[in-house]
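One-letter residues, chain by chain:
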2 protein chains.
Amino acid sequence: MDALQQEILEMGARARQAALALGNLTREEKDAILHSMADALLAREAEIVEANALDLAAAEANGLSAAMIDRLRLDGKRIAAIADGIRQVADLPDPVGETLDDWTRPNGMRIVKKRVPIGVIGIIYESRPNVTSDAAVLCFKSGNATILRGGKEAIHSNGAIADALDTGGRKVGMPEGAIQLIRTTDRSTVQHLAQMDQYLDLIIPRGGKGLIETVVSLARMPVIKHYDGICHTYVDKAADLEMAKAIVINAKTQKPSVCNALETLLVHRDVADAFYADAGRALLDQGVTLRGDAAMREVLSGEKVEEATEDDWVTEYLDLILAVKTVISVDEAIDHINTYGSRHSDCVVTEDAGTAERFLNQVDSAAVFWNTSTRFSDGEEFGFGAEIGISTDKLHARGPMALPELTSYKYLISGDGQIK
Amino acid sequence: MDALQQEILEMGARARQAALALGNLTREEKDAILHSMADALLAREAEIVEANALDLAAAEANGLSAAMIDRLRLDGKRIAAIADGIRQVADLPDPVGETLDDWTRPNGMRIVKKRVPIGVIGIIYESRPNVTSDAAVLCFKSGNATILRGGKEAIHSNGAIADALDTGGRKVGMPEGAIQLIRTTDRSTVQHLAQMDQYLDLIIPRGGKGLIETVVSLARMPVIKHYDGICHTYVDKAADLEMAKAIVINAKTQKPSVCNALETLLVHRDVADAFYADAGRALLDQGVTLRGDAAMREVLSGEKVEEATEDDWVTEYLDLILAVKTVISVDEAIDHINTYGSRHSDCVVTEDAGTAERFLNQVDSAAVFWNTSTRFSDGEEFGFGAEIGISTDKLHARGPMALPELTSYKYLISGDGQIK
């Protein structure tokens, strides 16, 4: 075992000890710690900006794009936003301790099912330094210890933020080891974390598909995956076409870079001509590149519409590009989504309640929308207050994942000497 | 890709199609299918016994122990018991379709959280052929398709049982591919299953630690693990010692081969002498081998008490052997359990409610008992009607795992044109 692996194991052991202590903190204690973390972040603004300058200089030297450099940048305003985010988490209800069930068996044994923290969570993430705080405080509020492993582009910024959280938190009673950052970008640390199932209860990778794939192939413990959002909107023959147009334009153009944005439009053939003529043209006007089938290309023959291929059905563009297919029925739409989709968020636009019900029940996705833009597939929009991501898994957490999804449960059984 | 991997992939694709159809069956349809499966098992008793004879002959030729051969054996009575088990599952309520939550957002969007099947579940198991039916029907009732991969010792028996389930089920509308058995024992099939995350949503290994470890190291999808039960009973200084004796004897001796049996006894030093003199001797009388510390060996100096070592704290004997340690406080007991235990089932015996509460809250195990034998850590005893195992994981399912734990959920959102 090399020194680095030994170091990660020691972090794991510390995190496990911290987790046992964290499970017993009251809501008031946790919220006081969170506010003290926010205070420390603000008090250390100068140090954080200084550390960030090192990352920015390295980014420029390495020729990172202007957009990537901007994502990396921290200033007073952004640091204040991170601190505000922490105070918002403090305001959320504490999921830990909630009684989920409570019953008594015929032999007199009482069983109480109670919500408890998961334990130790590993977060492996890429560039943006605010994730250091955002992820750690959600895990902390739900009673979990975290081991954070950020990307090399933000190594100095992440260190300064983690120092602030640790100092601020421990000043008012946060257990040592509750929030730990791996302070090297040696790639082997991902492997060491992923193999350490004696200490780590869960890994959440936050980043691109390549990162998630790597973690999935290495991990011995559960991984909650936030894969692609290949989201569909199906415009039914019974759709209100004005509503459909507004939803499609919103889902595609309002923020195309996010996972709940529209990627593939499916249109019933009975309304295809009318919809393509009106909404298709509107999408082109909004700067959207269309990749359609023969039906669409005929209607928009004067316009540049590329030919859609099988590849388009499985592509998450995250850009102003839209794949379009004409279908003969809601069943073909459902089949298409269940075959090519990513089980994330999909929408049907129809005035026919039977068709909507069929679509909602049969599309196998985390969130299925009727006459509502898929852009609402989001923890904030659902009213969860905060989210750590949108799970494309079906186990433990599915869809927008908030504080309750960062907990487990246990059974507390009491009796008066029952034996079997 | 070799032919076998291709075959497994085709099973995966069929299972996924079946799963989509299964999700839409009503409870009545599923229960009719289950009863038809039970009927088919009984009708095919002769074929099943004949297939089983081939496995028994191979087992004898390979020199398997009498106990293992007995586990493998199927006769009319055991086949009837398997069929009865299926009818009991038919009698259980259907978890699918349950509304878990239902709320409306300020923008008028209504969100319904509904229980749905997980999808496709892989079951990898060892010798006993009844698992072929037990596991498949629990997954079926909760709307999931299964791919079964049994041990080579039961290959013919498993085939005959799976044929009966498939024939019986399909006669009354079970979708093709809902229950599939891998009919080879080539070891590579475990790997092919574990890598097939495009079709398999979950793997449940049922068997020894070696099997679980193999699956964990290979799997790309969630694995629900049923690891060791290193269960503890802590006899507090405020214990009713008669009750403690009865609980300890029950938990250790009533069925020592199961995962919720007692493995390590912790005793507060204030009551150690009295408890060892009485309960220790009673355990010896029951044929239990004791591995104790100096305190116990002194009290029972006339008896053969082996010396406990660190190894004993992490050993699941599954036998009439008991490790014993004297502790100075409930906190030492909690620390010992959280350090050496397997997070399965642990018990405190005390008349002091404060001590019990401390133990119940701080021991990080799936089921924590107060004045009740750990032998009750079981789906049937909890009133769940059936269980597929006792999860030692903290994600998705913890402790006794029944039908609701074989489901996921989805969000159905409806609106009237909401856009962001």
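The rules behind these values
Residues numbered from 1 in each chain as written. Chains lettered and ligands numbered in written order. Predicted model: local features only at pLDDT ≥ 70, side-chain atom pairs only at ≥ 80, totals over all residues. Helix = DSSP H or I, 4+ residues; strand = E, 2+ residues; numbered from the N terminus. Rg over C-alpha atoms; globule rule 2.2 N^0.38 Å. Buried ≥ 20, exposed ≤ 12 C-beta atoms within 10 Å, placed from the backbone. Contact = placed C-beta atoms within 7 Å. Pairing = 2+ DSSP bridges. Axes fitted to C-alpha atoms, helices over the stretch in contact; angles between N-to-C directions. Domains from an automatic or database assignment. Nonpolar A, V, L, I, M, F, W, Y, C, P; charged D, E, K, R; others polar. Left-handed = near helix turned anticlockwise from the far one by under 90°. Least-squares fit on C-alpha atoms with pLDDT ≥ 70 in both. Expected span 1.5 Å × (residues − 1). Core = buried A, V, L, I, M, F, W, Y, C linked by C-beta atoms within 7 Å. Parallel < 35°, antiparallel > 145°, perpendicular 65-115°, else oblique. Right-handed = clockwise from strand over helix to strand, strands pointing away. Bend = angle between axes of the 7 residues up to and from the residue.

Describing the overall build of chain A
For step 1, the next point in the chain: For chain A, the count of helices and strands is 16 helices and 16 strands.
For step 2, the next point in the chain: Computed over the C-alpha atoms, the radius of gyration of chain A is 24 Å, within 12% of the 22 Å expected from 2.2 N^0.38 for a compact globule of 420 residues.
For step 3, the next point in the chain: Summarising its shape, the C-alpha atoms of chain A cover approximately 70 × 70 × 40 Å along the three principal directions.
For step 4, the next point in the chain: Evaluated residue by residue, chain A yields a buried proportion of 54% over its 420 residues.
For step 5, the next point in the chain: The contacts in chain A between residues at least 6 apart in sequence include a share of 73% that link residues at least 24 apart.

Considerations on unusual backbone geometry
For step 1, the next point in the chain: Backbone geometry at Asn371 of chain A places phi at a positive 55 degrees, although glycine is not the residue there.
For step 2, the next point in the chain: With respect to the secondary-structure elements, Asn371 of chain A resides in strand β13 (residues 367-372).
For step 3, the next point in the chain: Look at Asn371 of chain A and you get buried, because 22 C-beta atoms sit within 10 Å.
For step 4, the next point in the chain: One non-glycine residue, His396 of chain B, lies in positive phi territory at about 70 degrees.

Quick word on the sheet that holds strand β5 (residues 179-181) of chain A
Residue and element names in this part refer to chain A.
For step 1, the next point in the chain: Taking strand neighbours across the sheet as the criterion, the four strands line up as β5-β4-β3-β6 in an open arrangement whose pairing is parallel. For this open sheet the edge positions go to β5 and β6 (202-206), each flanked by a neighbour on one side alone. Here the strands of the sheet are splayed against their neighbours by 20 degrees on average, with no regard to which way each runs.
For step 2, the next point in the chain: By the bridge criterion, five bridges tie strand β3 (residues 120-125) to β6 in an arrangement that is parallel. In the strand pairing of β6, Ile124 is matched with Pro205.

Some remarks on the domain arrangement of chain A
Residue and element names in this part refer to chain A.
For step 1, the next point in the chain: On domain assignment, one finds that chain A holds domain 1 (3-225 + 398-414) and domain 2 (231-381).
For step 2, the next point in the chain: On a C-alpha basis, the centres of domain 1 and domain 2 stand 36 Å from each other.
For step 3, the next point in the chain: Opposite the five residues of domain 1 that make contact, domain 2 presents five residues.
For step 4, the next point in the chain: For the side of domain 1 that touches domain 2, the residue count by class is three nonpolar, one polar and one charged.

A closer look at the packing of helix α6 (residues 130-141) of chain B against helix α7 (residues 155-171) of chain B
Residue and element names in this part refer to chain B.
For step 1, the next point in the chain: Between α6 and α7, the shortest axis-to-axis distance is 8 Å and the interhelical angle comes to 35 degrees. In this structure, α6 crosses over α7, and the sense of that crossing is right-handed. Where α6 approaches α7, its residues Thr132, Ser133 and Ala136 are matched on the opposing element by Asn158, Ile161, Ala162 and Leu165.
For step 2, the next point in the chain: Residue composition of the contact of α6 with α7, grouped by class: four nonpolar, three polar and no charged.

A short note on the relation of the copies chain B and chain A
For step 1, the next point in the chain: Superposing chain B onto chain A requires a rotation of 180 degrees together with a translation of 0.0 Å along the rotation axis, leaving an RMSD of 0.1 Å. The symmetry that links the two subunits is that of a two-fold axis. Closest approach to the rotation axis among the C-alpha atoms of chain B is made by His396 of chain B, whose C-alpha sits 1.9 Å away.
For step 2, the next point in the chain: The residues that chain B uses at the interface reappear at the interface of chain A in 100% of cases, marking a shared surface.

Considering helix α7 (residues 155-171) of chain A
Residue and element names in this part refer to chain A.
For step 1, the next point in the chain: A rise of 1.5 Å per residue sets the reference length of α7, with its 17 residues, at 24 Å; its end C-alpha atoms lie 24 Å apart and thus fit the reference within 8%.
For step 2, the next point in the chain: Among the 17 residues in α7, 13 count as buried, and that is most of the element.
For step 3, the next point in the chain: Where α7 terminates, the next one or two residues include Gly173, which has phi positive at roughly 105 degrees.

Regarding the interface of chain B and chain A
For step 1, the next point in the chain: Contacts between the two partners involve 56 residues from chain B and, on the opposite side, 56 residues from chain A.
For step 2, the next point in the chain: Among the elements of the structure, α9 (209-218), α10 (241-253), α15 (353-362), β13 (367-372) and β16 (407-418) of chain B are those that each provide at least two residues to the side of chain B that touches chain A.
For step 3, the next point in the chain: Per-element accounting of the side of chain B that touches chain A gives the leading share, eleven residues, to β16 of chain B.
For step 4, the next point in the chain: Here strand β16 (residues 407-418) of chain A runs beside β13 of chain B; their pairing, made up of five bridges, is parallel. The residue bridging Leu412 of chain A from the neighbouring strand is Val368 of chain B, located in β13 of chain B.

Thoughts on the nonpolar core
For step 1, the next point in the chain: Residues Met37, Ile86, Leu193, Leu202 and Ile203 of chain B are the most contacted members of the largest nonpolar core, which totals 74 residues.
For step 2, the next point in the chain: Residues contacting Ile86 of chain B, with those up to four places away along its chain left out, are Leu34, Met37, Ala38, Ser133 and Val137 of chain B.
For step 3, the next point in the chain: One finds Ile86, Val120, Ala136 and Leu165 of chain A within the second-largest nonpolar core, a separate group that totals 72 residues.

Here's the deal with the packing of α10 of chain B against helix α11 (residues 269-285) of chain B
All names here are of chain B.
For step 1, the next point in the chain: For the pair α10 and α11, the least separation of the axes is 10 Å and the interaxial angle reads 40 degrees. On the basis of their axis angle, the class for α10 and α11 is oblique. Considering only the axes of α10 and α11, their crossing is right-handed. Counting all contacts with α10, which are made through Leu241, Ala244, Lys245, Val248, Ile249 and Lys252, the residues of α11 involved are Val271, Ala274, Phe275, Asp278, Ala279, Ala282 and Leu283.
For step 2, the next point in the chain: A breakdown of the residues in the contact of α10 with α11 according to their chemical character gives ten nonpolar, no polar and three charged.

Description of the pairing of strand β4 (residues 145-149) of chain B
All names here are of chain B.
For step 1, the next point in the chain: For β4, the tally of buried residues reaches five of five residues, placing the bulk of the element in the interior.
For step 2, the next point in the chain: On β4, burial covers both faces: Ala145, Ile147 and Arg149 on one face and Thr146 and Leu148 on the other are all buried.
For step 3, the next point in the chain: Alignment of strand β3 (residues 120-125) against β4, held across five bridges, turns out to be parallel. In the sheet register, Ile123 faces β4, and the bridge partner there is Leu148.
For step 4, the next point in the chain: As for the winding sense of the linkage, the β-α-β connection from β3 through α6 to β4 is right-handed.
For step 5, the next point in the chain: Inspection of the sheet shows β4 paired to strand β5 (residues 179-181) by three bridges, in the parallel sense.

Thoughts on the sheet that holds β5 of chain B
Residues and elements named next belong to chain B.
For step 1, the next point in the chain: Strand order in this open sheet of four strands is β5-β4-β3-β6, and the pairing throughout is parallel. Every interior strand has two partners, whereas the edge strands, β5 and β6 (202-206), have only one. For this sheet the average axis-to-axis angle between neighbouring strands, irrespective of direction, equals 20 degrees.
For step 2, the next point in the chain: Contacts from helix α1 (residues 3-22) reach β3, β4 and β5 within the one sheet, and its direction differs from that of β4 by about 145 degrees.

Some thoughts on α11 of chain B
Residue and element names in this part refer to chain B.
For step 1, the next point in the chain: Compared with an ideal rise of 1.5 Å per residue, which puts 17 residues at 24 Å, α11 spans 23 Å between its outermost C-alpha atoms and is within 8% of the ideal.
For step 2, the next point in the chain: Maximal helix bending in α11 amounts to about 50 degrees, located at Phe275.
For step 3, the next point in the chain: Among the residues of α11, those classed as buried are Ala272, Phe275, Tyr276, Ala279, Gly280 and Leu283.
For step 4, the next point in the chain: Summarising the contacts, the buried residues of α11 are in contact with β7 (231-235), α10, β8 (262-268), β9 (289-292), α12 (294-299) and β11 (321-327).
For step 5, the next point in the chain: Backbone geometry just downstream of α11 places Gly287 in the positive-phi region, at approximately 85 degrees.

Let's talk about the environment of Ile337 of chain B
All names here are of chain B.
For step 1, the next point in the chain: Among the structural elements, Ile337 can be located in helix α14 (residues 330-340).
For step 2, the next point in the chain: Note on Ile337: 27 C-beta atoms within 10 Å, which makes it buried.
For step 3, the next point in the chain: Counting along the chain gives 73 residues from Ile337 to Thr264, while the straight-line C-alpha distance between them is 9.2 Å.
For step 4, the next point in the chain: In this structure, Ile337 is in contact with His232, Asp346 and Val363, ignoring residues within four places of it in sequence.

What about the environment of Phe275 of chain B?
All names here are of chain B.
For step 1, the next point in the chain: With respect to the helices and strands, Phe275 occurs in helix α11.
For step 2, the next point in the chain: Residue Phe275 is classed as buried on the basis of its 24 C-beta neighbours within 10 Å.
For step 3, the next point in the chain: Residue contacts for Phe275: discarding those within four places in its chain leaves Val235, Leu241, Ala244 and Val267.

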